[in-house]
Amino acid sequence: MLIHEHSAFSYYVDGLMTGSQNKAVNGQYLPAAHFQFKTMLFFAKLKPARNQLLFFMPELPEVRYFKKYIDATSLHKPIQRTRVHNPEVLRDLSSQKLQSCLKGVAFESTYAHGKYLFLQAGKSCQLVLHFGMTGRPVYYKTEDHTPDYPRAIMDFENGAHLAFDCMRMLGNISLTTDREHFLKDKKLGPDALRDLSDPETFLRLFEDKRGMIKTTLMDQHFIAGIGNVCSDEILFQSMMHPKKNIPTLGENELRTLHENVALVLETYVEAVPEYETIPDSFLFNYRSEGKECPRCGTAVEKIPVGSRSAYYCPDCQSR
Ligand SMILES: [Zn+2]
């Protein structure tokens, strides 16, 4: 099965109906503020045969959206039971342990760090979700609206469900009683949006740092939350070549980079999942070989960087 990262997963939108505070897409709920008819039209243009609403591979902006989604659908609802369909998505955790920790408690709050989402369950336990390439939370009310790849499902006492839907099973579920300890244990870097607002903190992070800039931005141990799409955009906005060597960057270039980390993440967080609202001046809309750079008209190129591919403008982002 070959899956392009831009079409990692989708909602089918042929059964739109309205709930009291949320809108349901074929019985799966989206917070009303984050779903508009024009989104369907936009993706209908891309995929006319199937009329899908798409998410990209989850990076910080998608996980922030999942946080809003769970906040809007799944808080303060006691959990009756948890069904684990694929124990292989559990990390250092048995199905029985997960079930006993969640039984009878409700999710009280959520916290996102990079690509991880923490759900406070009752007083002492936090469910930790990592969405891999194709993961997403899906809230639904009736079994016939169960998503296609539910690896674990929490059944609420009110009859609704929250599924961890993950086609490729590269996402995972774990538990912690101490979020800070979990982040330390995973050796995760600071959250790219919340923890790096101070430019001096950002500059200090790059002191004595070696390596290529794109690879480094995507290193979750260095900064948490930036993936392939966001790193391409940050470098495009900074007019910086993806293979630029960090020791060759001057302070002004690093300050520009810092401003664009915030600009890009804030813009994407605001947009997701209405990707069509990302400004036309962003690479996002031209992230395909041969498309014309929105700044200078040069054909966008794709090059391997580390184990990933970068899209960039060879003219605006020269080495
Ligand atoms: Zn250009």
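Analysis parameters
- Residues numbered from 1 in each chain as written.
- Predicted model: local features only at pLDDT ≥ 70, side-chain atom pairs only at ≥ 80, totals over all residues.
- Heavy atoms only, no water.
- UniProt positions renumbered as here; feature names shortened; annotations may be inferred.
- Helix = DSSP H or I, 4+ residues; strand = E, 2+ residues; numbered from the N terminus.
- Buried < 20%, exposed > 50% of the residue type's maximum accessible area, 1.4 Å probe, protein only.
- Contact = heavy atoms within 4.5 Å.
- Areas by Shrake-Rupley, 256 points an atom, 1.4 Å probe, with all protein chains shown as cover.
- pLDDT = per-residue confidence, 0-100.

In the nomenclature of an unreviewed UniProt entry, the protein chain is known as Formamidopyrimidine-DNA glycosylase of Fodinibius sediminis. Turning to the protein chain, the UniProt record has this under Cofactor (unreviewed entry): "Zn(2+)". The annotation that UniProt attaches to the protein chain under Sequence similarities (unreviewed entry) is "Belongs to the FPG family."

A look at the overall build of the protein chain
In terms of helices and strands, the protein chain carries 8 helices and 15 strands. By the burial criterion, 55% of the 319 residues in the protein chain qualify as buried. Look at the contacts in the protein chain between residues 6 or more apart in sequence, and 65% of them connect residues 24 or more apart. Approximately 14200 Å² of the protein chain is accessible, and the part contributed by carbon and sulfur atoms is 49%.

Looking at the UniProt feature "domain: FPG-type" (unreviewed entry) in the protein chain
Mapped onto the present numbering, the UniProt feature "domain: FPG-type" (unreviewed entry) falls on residues 284-318. Helix makes up 0% of residues 284-318 and strand 29%, and the two end C-alpha atoms of the span are 19 Å apart.

Overview of the confidence of the model for the protein chain
Low pLDDT means the predicted atomic positions in that stretch should not be read closely. Taken over all residues, the pLDDT of the protein chain has a mean of 87, while the share at 70 or more is 83%. A low-confidence stretch, residues 1-22 (pLDDT under 50), is modelled with 69 contacts involving residues beyond four sequence positions or located in other chains. Contacts for the low-pLDDT stretch residues 31-53, under 50 throughout, to residues beyond four places or in other chains number 53 contacts.

Structural notes on helix H7 (residues 228-237)
For H7, the tally of buried residues reaches 10 of 10 residues, placing the bulk of the element in the interior. Those residues of H7 not exposed but buried are Asn228, Val229, Cys230, Ser231, Asp232, Glu233, Ile234, Leu235, Phe236 and Gln237. On the buried face of H7, the contacting elements are helix H2 (60-73), helix H6 (213-217), helix H8 (251-271) and strand S15 (308-312). Immediately beyond the C-terminal end of H7, within one or two residues, lies Met239, with a positive phi of roughly 50°.

Remarks on the environment of Leu196
As for its position among the elements, Leu196 is in the loop between helix H4 (179-185) and helix H5 (199-206). When near neighbours in sequence (up to four residues on either side) are disregarded, Leu196 contacts Pro190, Asp191, Thr201, Phe202, Leu205, Ile223 and His258.

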